[in-house]
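Summary of the model geometry
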Amino acid sequence: MKQAISKLLLLGLAAGLATPALADDEEVIKYRKNVMKAYGAHMAAAGAIVQGKVKGSLVGHARAMEATTKNMAAMFPAGSDFGETNALDTVWSKRADFEKRAKDTEAKAAAFAKAAGGSDAAAKFRELSDSCKACHKDYRKEQK
Amino acid sequence: MLRRVMLLGLLCAGSSLAAGPDPVAGQYLFRAAGCENCHTDREHGGAWLAGGRELLTPLGVFYSPNITPDPDTGIGRWREADFLRAMRHGRGPDGRHYYPSFPYAAYTRLSDADLRALWAYLRSVPPVRQANRPHELPWYLKYRALLAGWKLLYFKPGPYTPEPGKGASWNRGAYLVQAAGHCGECHTPRNRLGGFRIGLYLAGDKAGAEGGVVPNITPDPKTGIGRWSRGELIDYLKTGMRPDGDFAGGLMAEVIDNGLKHLSQQDLEAIATYLQSVPPVEHAVRKPKPKPTRDEFGY
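Below you will find a few notes about this structure. Source: prediction; values computed, not measured.

1. Describing the packing of aromatic side chains
Residue and element names in this part refer to chain B.
- Counted under the stated rule, the structure contains 18 aromatic pairs over all chains.
- Taking 5.9 Å as the distance between ring centres and 55 degrees as the angle between the ring planes, the aromatic pair formed by Phe102 and Tyr104 counts as tilted.
- Since its relative accessible area comes to 0%, Tyr104 is described here as buried.
- Through pairs of rings, three or more aromatic residues link up here, namely Tyr98, Phe102, Tyr104, Tyr107, Trp150, Tyr154 and Phe155.

Encoded structure:
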């Protein structure tokens, strides 16, 4: 009897832990981390071009940033605040401000894409950089 | 001789000795010293420099004080001598010791000229009436007399003395990192008594400021920033972008926005010169990534 109860408890615990929502949240966290890494790679690559370290076209990097920053805040759905994430609780507790910042990054990425072929590209790149940093300032912390 | 004169000139950069303290030079130093970051409760929309920002530490919660010139709640009644004593010796106008959560162990290295300029600048900021919030500490830490012991162990007052033979840029960098920037306050791990751990200068902290990971900024190639080029380091200090395209966040983003990005190119180069010269320390602060195992491909 005792054994049966503990087995039942264990089963209940396992079921509680393995809810589909949790698995999805982990996938969401992995996904957004990969997208963020892609942003980083494009920014580093674009930065090297902007600074004249290498020759190349900014257009592809800028368009990738523009396309993938659309609706950025959706990568941070409710429930994806636990686990292997460096996103701070403020992403969810100050949602309106967080979404404003995400929109700002979208706008700055779009402006960079528009200017990428022209003489204004470096300035727009810097504005996008500032937007990345501004959001990380309040909403991202390295905890692990 | 000429070199020494040049060095002196560099250390007093901006502040004119003949014309007395200069608030413009003071503002430059104010930024380099990052005063705003702790003395403004940005997260809760607090007034500029009126204090109240919490600093979570393993010893308790400290709240930064109001440093605006308000006479009753700020430092409006202070004289220059009070300010110099606070910065140089870590003591209040009433003689009590300050907790080293106020980084006077670094600020004590500032030159007299810079301290005077900083004081002149602080006199010029708008006064805000906001009472200080008492720290939340365990009972045994409320005896400030204990701080005399801490100071005896870990605090050596006095301005930075340039190291001969290291060059003006290196010395300027050392001054900006050690005295004004107080980088080690977060980037050097501490022991249980709150003193710096020997041999780990700037080697990072697993659980540092505000509970985050503070990276190793020594030139160790594996765990520090040894693979960063000089240009990448200067660029990071200016824009917050790391060589991998990631951007600084948290407190470091504040340090850059409110301070580093306002510094002259020459000063940023000096910081890079100095940081790339400190002893490399292998000290990993980030959780190692799990290695893939065969099991992963088994199902």
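2. Points about the nonpolar core
- Residues Phe83, Leu110, Ile271 and Leu275 of chain B are the most contacted members of the largest nonpolar core, which totals 51 residues.
- Contributing elements (two or more residues each) for this core: helix H2 (23-32), helix H4 (80-89), helix H5 (104-107), helix H6 (112-123), helix H8 (168-180), helix H10 (230-239) and helix H12 (265-275) of chain B.
- At seven residues, H8 of chain B tops the list of elements feeding residues into this core.
- Residue contributions to this core reach at least three from each of two domains, namely domain 1 (23-154) and domain 2 (168-275) of chain B.
- When sequence neighbours within four positions are dropped, the list of residues in contact with Ile271 of chain B reads Gly173, Leu176, Val177, Leu237, Leu260 and Leu263 of chain B.
- Judged by nonpolar contacts, the second largest core, of 29 residues, contains Ala62, Phe125 and Cys135 of chain A together with Phe247 of chain B.

3. Let's talk about the pairing of strand E1 (residues 54-57) of chain B
Residue and element names in this part refer to chain B.
- One ladder, built from four bridges, connects E1 with strand E2 (residues 60-63); its direction is antiparallel. Bridged to Leu56 within E2 is Val61.
- The hairpin turn running from E1 into E2, its antiparallel successor, is two residues long.

4. Some remarks on the packing of H2 of chain B against H6 of chain B
All names here are of chain B.
- In contact at an axis separation of 7 Å, H2 and H6 are set at 100 degrees when each is read in the N-to-C sense. Here H2 is positioned roughly perpendicular relative to H6, judged by the angle of their axes. On H6, the residues touching Pro23, Ala25, Gly26, Gln27, Leu29 and Phe30 of H2 are Asp114, Ala117, Leu118, Ala120, Tyr121 and Leu122.
- In terms of residue class, the contact of H2 with H6 is made up of nine nonpolar, two polar and one charged.

Thresholds applied
Per chain, residue numbering runs from 1 following the sequence as it is written. As a convention, the first chain written is A and the first ligand written is 1, with the rest following in written order. Restriction of local features to residues with pLDDT of at least 70 applies here, the model being predicted, together with a cutoff of 80 or more for giving and counting side-chain atom pairs; totals for whole chains, interfaces and linings are based on all residues. Note that water and hydrogens are dropped before the side-chain values are worked out from all heavy atoms of the structure. Stacked, edge-to-face and tilted are the three classes for Phe, Tyr and Trp ring pairs, Trp counted by its six-membered ring, which pair at centre distances within 6.5 Å; planes under 30 degrees apart are stacked, over 60 edge-to-face, the rest tilted. Burial classification: accessible surface area is computed with a 1.4 Å probe over protein chains only, and a residue below 20% of its type maximum counts as buried, one above 50% as exposed, and the rest as partly exposed. Definition used in this section: a nonpolar core is a set of buried Ala, Val, Leu, Ile, Met, Phe, Trp, Tyr and Cys residues joined via side-chain atoms within 4.5 Å. Per the convention used, a helix needs a DSSP run of H or I reaching at least four residues, while a strand needs a run of E reaching at least two, with both numbered from the N terminus. Domains are outlined according to an automatic or database domain assignment. Contacts are assigned to residue pairs that have any heavy atoms within 4.5 Å of one another. A pair of strands is considered paired only if DSSP assigns at least 2 bridges between the two. Fitted lines through C-alpha atoms give the axes, limited to the stretch in contact for helices. The angle between two N-to-C directions lies from 0 to 180 degrees. Working rule for angles: under 35 degrees goes down as roughly parallel, over 145 as roughly antiparallel, 65 to 115 as roughly perpendicular, anything else as oblique. Each residue gets one of three labels, nonpolar for Ala, Val, Leu, Ile, Met, Phe, Trp, Tyr, Cys and Pro, charged for Asp, Glu, Lys and Arg, and polar for the others, Gly among them.

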